[in-house]
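# Structural overview
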Amino acid sequence: MLKGLFGGGGKDDGEGDFESAGDEQKGGGDGGGYGGGGGLGFDPRGLERAAKAAKQLDSSPNARSALDLVKEQERTKQADSNAKAAEMNAYAKQLEIKRLHEVRFPCFC
């Protein structure tokens, strides 16, 4: 998903970067890379690409518009979430009223 956002292009199938990092860790890489000698073998290339994309976005004349768009999308999600929560609360109160009504006025049909 973030590949497209940070200039990776193509579809994100959840593979690829992890496989290549694993190959380097096993010794299948260039030998002097990121997987040698210790621990988890962190591969900073993805982080470097994200930083480069962030710098490009910052220098873009559309950076402010992009940020405003993301903020507006987040506000919309929050409003949708709040509306859904209010709807669920109203439904819960409706069920509680129905339950209390049935306790006070049972039907012995």
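Residues numbered from 1 in each chain as written. Predicted model: local features only at pLDDT ≥ 70, side-chain atom pairs only at ≥ 80, totals over all residues. Heavy atoms only, no water.

## Points about the overall build of the protein
When helices and strands are tallied, the protein shows four helices and zero strands. The order of α-helices and β-strands along the protein, N terminus first, is α-α-α-α. Across the 109 residues that make up the protein, the buried fraction comes to 9%. Accessible surface computed for the protein: about 9400 Å², of which carbon and sulfur atoms make up 57%. (Helix = DSSP H or I, 4+ residues; strand = E, 2+ residues; numbered from the N terminus. Buried < 20%, exposed > 50% of the residue type's maximum accessible area, 1.4 Å probe, protein only. Areas by Shrake-Rupley, 256 points an atom, 1.4 Å probe, with all protein chains shown as cover.)

## Some points on the pattern of salt bridges
Here the structure, examined in full by the defined rule, presents three salt bridges. In this structure, Glu96 and Arg99 form a salt bridge, with 2.8 Å as the shortest nitrogen-oxygen distance. Here Glu96 pairs with Arg99, and both are found in helix 4 (residues 63–104), just three residues apart, close to one helical turn. By relative accessible area, which is 36% here, Glu96 ends up partly exposed. Overall, the relative accessible area of 42% leaves Arg99 in the partly exposed class. (Salt bridge = Lys/Arg side-chain N within 4 Å of Asp/Glu carboxyl O.)

## Things to note about the confidence of the model for the protein
The pLDDT averaged across the protein works out to 76; a share of 63% of its residues lies at or above 70. Predicted confidence for residues 13–32 stays below pLDDT 50, and this span has 16 contacts to residues more than four positions away or in other chains. (pLDDT = per-residue confidence, 0-100. Contact = heavy atoms within 4.5 Å.)

## What to know about the side chain of Asp43
For Asp43, the location among the structural elements is in the loop between helix 2 (17–25) and helix 3 (45–59). Among the polar contacts listed, one links the side chain of Asp43 to the side chain of Arg45, at a separation of 2.5 Å. (Polar contact = N/O pair within 3.5 Å; in protein donor to acceptor, adjacent residues only side chain to side chain.)

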